[in-house]
Amino acid sequence: MKTIDELLTEGVAGRRVFVRADLNVPLDGTTITDDGRIRAVLPTVAKLAEAGARVVVASHLGRPKGAPDPAFSLAPAAARLGELLGADVAFATDTVGDSARAAVEGLTDGQVAVLENLRFNAGETSKDDAERGAFADRLAELADVYVGDGFGAVHRKHASVYDLPARLPHYAGYLIATEVGVLKKLTTDVKRPYAVVLGGAKVSDKLGVIDHLLEKADRILIGGGMVFTFLAAQGHEVGASLLQEDQIPVVKEYIERAKERGVEFVLPVDVLVAGEFPDMKTKAPAHPATVAADAIPAGQMGLDIGPESRKLYASKLTDTATVFWNGPMGVFEHPDYAEGTRAVAQALIDSPAFTVVGGGDSAAAVRILGFDENAFGHISTGGGASLEYLEGKTLPGLAALEG
Ligand SMILES: Nc1ncnc2c1ncn2[C@@H]1O[C@H](COP(=O)(O)OP(=O)(O)O)[C@@H](O)[C@H]1O
Ligand SMILES: O=C(OP(=O)(O)O)[C@H](O)COP(=O)(O)O
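This one's a predicted model, so the numbers in the text were calculated from it and none came from an experiment.

## Looking at the sheet that holds strand β8 (residues 170-172)
Paired through backbone hydrogen bonds, the strands of a sheet run either parallel or antiparallel to each other.
Alright, step 1. Strand order in the open sheet formed by six strands is β5-β6-β4-β1-β7-β8, and the pairing between neighbours is parallel. Each having just a single partner strand, β5 (89-91) and β8 make up the two edges of the open sheet. Direction aside, neighbouring strands of the sheet carry axes that sit 25° apart on average.
Alright, step 2. Along the sheet, helix α2 (residues 36-50) contacts β1 (16-20), β4 (54-58), β6 (112-114) and β7 (145-148); its crossing angle with β1, the most-contacted strand, is approximately 180°.

So, in structure tokens, the structure goes:
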């Protein structure tokens with residue numbers, strides 16, 4: 001993989017450099033609640049600008065449906081990037097249209113432009129090679145060189161991640177180099193006991209990683225929206241909780257295999273439930289009830305692990321040597337459902353283990369809840385990406401940079 005340092009040695013002054021970043025930051029309306037992913041790509045963008053490149057930054061945000069949707073605009077992220085750079089950043093209101101072309105043509109050496117959300121175009125995420133390729137062709141017209149630095153999205157076979165680097169000279173940015181350097185350590189000589197904590201909401205995306213973890217980890221702690229498919233697989237009612245019904249047989253098989261292999265699954269013994277998802281705008285008190293995990297009442301949804309589970313999870317993390325954590329334990333964005341996530345973060349800090357926290361929301365959670373980032377071994381900007389890297393899978397965005 002050629003790195004950005006090689007590109008800088010070749011010289012970038014006056015060249016249009018496309019930086020595929022992951023600016024998929026958590027938003028409250030148009031307010032960025034954690035700018036970690038923007039800060040993470042800053043070294044690459046700043047260095048290219050200093051060297052006189054005309055920098056074109058592109059990213060996705062959220063999961064819009066292949067058409068413009070103002071709720072997923074990258075405008076707030078572009079503004080924040082400008083503040084952090086201490087420079088004016090141009091913003092294109094489309095990705096490959098008139099606005100994008102004008103923004104790129106208007107760049108002088110050392111200036112930065114941000115394109116609108118890549119996923120406002122169906123070609124970005126299409127499963128059809130030709131459709132993705134056609135979109136990548138249009139992106140390629142905007143640049144002379146490609147720098148991949150959106151680590152959080154390297155597991156996606158998307159046009160800007162996979163097809164575009166094949167069309168331009170390509171290099172890895174500083175963030176990707178750092179992330180891969182740290183995560184590589186967890187694929188080789190991992191110190192035991194090795195615990196993995198899995199939570200969050202992208203359940204169908206991430207359940208599959210357990211197949212691999214059963215060969216690698218000593219202990220797997222399940223939290224967040226993951227919990228309920230496990231409880232259902234054990235024959236319990238989960239009310240209105242997040243449930244991946246089609247995955248129940250798979251989870252049953254995981255539970256069996258874990259027994260055979262001596263891998264310990266840790267599930268919550270109690271959960272916080274409510275009749276509805278909390279109001280994230282007003283953050284009005286949600287008045288959750290604490291119930292036993294095997295007695296979730298009909299119509300109630302589990303939104304955090306309960307107080308007994310917090311103690312249990314902390315105890316399962318103190319004697320570990322390595323911990324990888326992806327996915328919040330509950331809907332931490334609401335104060336009534338933040339304690340499970342807080343307890344796991346604190347347990348990681350208290351443990352002597354080498355700790356890696358991965359994922360946009362997980363990384364945001366530890367900062368939003370007031371923890372010192374430096375108290376963790378590594379905070380990765382990618383959740384799904386780091387999990388798939390640990391699985392040893394070929395990640396499209398890394399393979400494309402190697403080719
Ligand atoms: N029990 C739950 N039900 C629904 N959503 C949940 C639950 N627990 C956690 N979440 C949500 O999961 C989201 C983060 O999930 P995910 O994107 O998978 O994590 P990451 O970005 O760290 O990889 C958070 O927004 C949080 O509110
Ligand atoms: O937030 C992200 O991943 P993560 O939640 O696994 O950390 C990345 O920006 C990828 O987004 P996607 O899962 O919508 O492709």
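So, next bit.
## What about the UniProt feature "binding site: substrate" (unreviewed entry) in the chain?
Alright, step 1. Using the residue numbers shown here, the UniProt feature "binding site: substrate" (unreviewed entry) corresponds to Asp22, Leu23, Asn24, Arg37, His60, Leu61, Gly62, Arg63, Arg119 and Arg156.
Alright, step 2. In this structure, aspartate 22 sits in the loop between β1 and β2 (27-28).
Alright, step 3. Contacts of aspartate 22, omitting those with residues within four sequence positions, involve Arg37, Ser59, His60, Gly150, Gly152 and Ala153.
Alright, step 4. In this structure the side chain of aspartate 22 is engaged in a polar contact, spanning 2.9 Å, whose partner is the backbone nitrogen of asparagine 24.
Alright, step 5. Secondary-structure assignment places glycine 62 in the loop between β4 and α3 (75-85).
Alright, step 6. Classification of glycine 62 by relative accessible area gives buried; the value is 17%.
Alright, step 7. Not counting the four nearest positions on each side in its chain, glycine 62 is found in contact with Asn24, Phe72 and Arg119.

## Description of the nonpolar core
Where a protein is soluble and globular, its nonpolar side chains tend to be buried together.
Alright, step 1. Judged by nonpolar contacts, the single largest core of 74 residues is most densely connected at Phe18, Ile210, Ile220, Ile222, Phe230, Phe265 and Phe324.
Alright, step 2. At six residues, helix α11 (residues 227-233) tops the list of elements feeding residues into this core.
Alright, step 3. Residues contacting phenylalanine 230, with those up to four places away along its chain left out, are Leu207, Ile210, Ile222, Val251, Ile255, Phe265 and Leu267.
Alright, step 4. In terms of nonpolar packing, the next biggest core, distinct from the first, is built from 29 residues, Val12, Leu23, Ile32 and Ile38 among them.

## Details of the UniProt feature "binding site: ATP" (unreviewed entry) in the chain
Alright, step 1. The residues that UniProt annotates with the feature "binding site: ATP" (unreviewed entry) are Lys206, Gly302, Glu333, Gly359, Gly360, Asp361 and Ser362.
Alright, step 2. Tracing the sequence through the fold places glycine 302 in strand β14 (residues 301-305).
Alright, step 3. In this structure glycine 302 touches Phe228, Ser241, Leu272 and Val273, once residues within four positions along its chain are discounted.
Alright, step 4. Inspection of the secondary structure puts serine 362 in helix α15 (residues 360-368).
Alright, step 5. One polar contact links the side chain of serine 362 to the main-chain amide nitrogen of glycine 327, over a distance of 2.7 Å.

Reading the values: the criteria
Residues numbered from 1 in each chain as written. Chains lettered and ligands numbered in written order. Predicted model: local features only at pLDDT ≥ 70, side-chain atom pairs only at ≥ 80, totals over all residues. Heavy atoms only, no water. Pairing = 2+ DSSP bridges. Helix = DSSP H or I, 4+ residues; strand = E, 2+ residues; numbered from the N terminus. Axes fitted to C-alpha atoms, helices over the stretch in contact; angles between N-to-C directions. Contact = heavy atoms within 4.5 Å. UniProt positions renumbered as here; feature names shortened; annotations may be inferred. Polar contact = N/O pair within 3.5 Å; in protein donor to acceptor, adjacent residues only side chain to side chain. Buried < 20%, exposed > 50% of the residue type's maximum accessible area, 1.4 Å probe, protein only. Core = buried A, V, L, I, M, F, W, Y, C linked by side-chain atoms within 4.5 Å.

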